[in-house]
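A structural walkthrough
What follows is each chain in one-letter form.
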Amino acid sequence: MGIQPVIIPTPEEVAAAKLKVQYQDHLFHFAVAGVSGSGKSSLINAFRGLRNKDVGAAPTGIVETTSTVDRYPDPNPRNPFVWYDIPGAGTLQQSDWLYFNSQGLFVFDCIIVLFDARFTTTDIAILKNCQRFQIPTYIVRSKADTHIRNIMRDMGYESSSDDRARRTELYNAAREQYIKETRVTVQRNLQEADLPDQKVYIVCNTTVLSTVKDRTLASKTIDELDLMRDLLEEARSRRCIPQRILQ
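The model shown is predicted, which means the values in this text are computed figures rather than measured ones.

A look at the pattern of salt bridges
Summed over all chains, the structure comprises 5 salt bridges. Ionic pairing is found between lysine 199 and aspartate 226, a salt bridge with its closest N-O pair at 3.3 Å. Separated by 27 residues along the polypeptide, lysine 199 in the loop between α6 (164-192) and β6 (200-202) and aspartate 226 in helix α8 (residues 224-239) bring together distant segments of the chain. The shortest N-O distance in the salt bridge between glutamate 233 and arginine 236 comes to 2.7 Å. Here arginine 236 and glutamate 233 lie together in helix α8, a separation of 3 residues that amounts to about one turn. Members of the salt-bridge network, linked through shared partners, are Arg183, Lys199, Asp223 and Asp226.

Here's the deal with helix α2 (residues 40-47)
Extensive coverage of α2 is indicated by the burial of 8 of its 8 residues. Turning to α2, its buried residues number three or more, namely Lys40, Ser41, Ser42, Leu43, Ile44, Asn45, Ala46 and Phe47. Taken from the residues just after α2, glycine 49 is the one with a positive phi, measuring 75 degrees.

Digging into the pairing of strand β3 (residues 81-85)
The buried count for β3 comes to 5 of 5 residues, which makes it a mostly enclosed element. Residues Phe81, Trp83 and Asp85 line one face of β3 and the alternating positions Val82 and Tyr84 line the opposite face, and both faces are buried. Direction of pairing for strand β1 (residues 28-33) relative to β3: parallel, over a ladder of 5 bridges. Bridge pairing links valine 32 to aspartate 85 in β3.

Points about the sheet that holds β3
The strand order β2-β3-β1-β4-β5-β6 describes an open sheet built from 6 strands, whose pairing is mixed. What marks the edges here is a single partner per strand, and that holds for β2 (70-73) and β6. Between one strand and the next, the sheet's axes are offset by a mean angle of 25 degrees, whatever the strand orientation. Sitting on the sheet, helix α4 (residues 121-133) is in contact with β1, β4 (110-115) and β5 (137-141), with an inclination near 165 degrees to β4.

Some points on the side chain of threonine 221
Within the secondary structure, threonine 221 is located in the loop between α7 (205-214) and α8. On the accessibility criterion, threonine 221 (15% relative accessible area) is buried. Those residues in contact with threonine 221 that lie beyond four places of it in its chain are Arg175 and Thr207.

Describing the packing of α2 against α7
Following both chains from N to C, one finds α2 and α7 inclined at 15 degrees, their axes separated by 8 Å at the closest point. Classified by the interaxial angle, the pair formed by α2 and α7 is roughly parallel. Between α2 and α7 lies a crossing whose hand is right-handed. Of α7, the residues touching α2 (which contributes Ser42, Leu43, Ala46 and Phe47) are Asn205, Val208, Leu209 and Val212. When the residues that make up the contact of α2 with α7 are grouped by side-chain class, the tally is 6 nonpolar, 2 polar and no charged.

A few points about a positive patch on the surface
A surface patch of like charges, here positive, comprises Arg149, Arg153, Arg167 and Lys220. For arginine 149, a relative accessible area of 38% corresponds to the partly exposed category.

Things to note about the packing of aromatic side chains
Counted according to the given criterion, the structure contains 10 aromatic pairs. With centroids separated by 4.4 Å and ring planes inclined at 15 degrees, the aromatic side chains of phenylalanine 30 and tryptophan 83 adopt a geometry described as stacked. Placement of the pair is phenylalanine 30 in strand β1 and tryptophan 83 in strand β3, with a sequence separation of 53 residues. Assessed through its relative accessible area of 1%, phenylalanine 30 is described here as buried. By the ring-pair criterion, three or more aromatic residues cluster together here, those being Phe28, Phe30, Phe47, Phe81 and Trp83.

Parameters and conventions
- Just so you know, the residues in each chain are numbered from 1, in the order the chain's sequence is written.
- Reporting in this predicted model follows two pLDDT cut-offs: at least 70 for local features of residues, and 80 or more for side-chain atom pairs to be given and counted; totals over whole chains, interfaces and linings ignore these cut-offs and use all residues.
- Note: side-chain values were computed over all heavy atoms of the structure, leaving out hydrogens and water.
- Salt bridges, as used here, are contacts in which a Lys or Arg side-chain nitrogen is within 4 Å of a carboxyl oxygen on Asp or Glu.
- Where helices and strands are cited, they refer to DSSP runs of H or I of at least four residues and of E of at least two residues respectively, numbered from the N terminus.
- Partly exposed describes any residue whose relative accessible area lies between the buried limit of under 20% and the exposed limit of over 50%, with all areas from a 1.4 Å probe on protein chains only and scaled to the type maximum.
- A pair of strands is considered paired only if DSSP assigns at least 2 bridges between the two.
- Every angle, taken between N-to-C directions, lies between 0 and 180 degrees, and every axis is a line fitted to C-alpha atoms, over only the stretch in contact when it is a helix.
- Throughout, a contact is declared for two residues whenever any of their heavy atoms are within 4.5 Å.
- Throughout, the term roughly parallel applies to angles under 35 degrees, roughly antiparallel to angles over 145, roughly perpendicular to angles from 65 to 115, and oblique to all others.
- Left-handed describes a crossing whose near helix is turned anticlockwise from the far helix by less than a right angle; the clockwise case is right-handed.
- The nonpolar class holds Ala, Val, Leu, Ile, Met, Phe, Trp, Tyr, Cys and Pro. Asp, Glu, Lys and Arg form the charged class, and all remaining residues, Gly among them, are polar.
- Candidates for patches are residues over 30% relative accessible area with no salt bridge; among them, like charges are joined within 9 Å and nonpolar side chains (Val, Leu, Ile, Met, Phe, Trp, Tyr) within 5 Å.
- All accessible-area figures derive from a Shrake-Rupley calculation using a 1.4 Å probe, and residue coverage is judged against the displayed protein chains alone.
- Neither His nor the chain ends contribute to the count of charged residues, in which Lys and Arg are positive and Asp and Glu negative.
- For charged residues, the charge sits on one atom: NZ in Lys, CZ in Arg, CG in Asp, CD in Glu.
- The criterion for an aromatic pair is that two Phe, Tyr or Trp rings (for Trp, the six-membered ring) have centres within 6.5 Å, with stacked assigned to planes under 30 degrees apart, edge-to-face to planes over 60 apart and tilted to the rest.

Here is the structure:
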């Protein structure tokens, strides 16, 4: 990555960045950032209680569909939130450490660092800059259901022949392995980057959606409920959101 200069935005740059994202003092602004293909748009839709094909949902696709910072107000009138879909690093011709400033991430109230397969140097760069600007961060690993299924297949699962008991046994073993490996990997990467340890939330977008939209707790829930509670508490404490939203 080379030597990373400390670049502090000027007051004029901060004002311009706030104007660009339509920052409003009475709202809480969540940015979802990370490398391309990590599922940012789908997660934002789930946070807003929308399926990917619903009207007003953030566009999703196999390739990166976001080239500008896109703004999505929360459709729930009780939630004074705005969710932002940040272009995926790796799709832009700029260094990891320039990504933070060029996207104006320094103006957001909270940043969700989302990753899928690997925790990357871009994720570390975002976290380091957030630490510098004292912006709260949440590390989230997406697509838990897909990763667990892949581990099950590696363990020998055959959907056409294995019975329910074997499927349950393999699912539980794969889930435990996936959770453990994810937490250990993120902890090691944070230590190597001289960053403080913090929780990594392991989620599936469909489970986030059912938690938000249907207010039901799926049997395969991992960290989805904890993530939603912690994000809402962050917004409540920093913007005095009424306690009833958390209920």
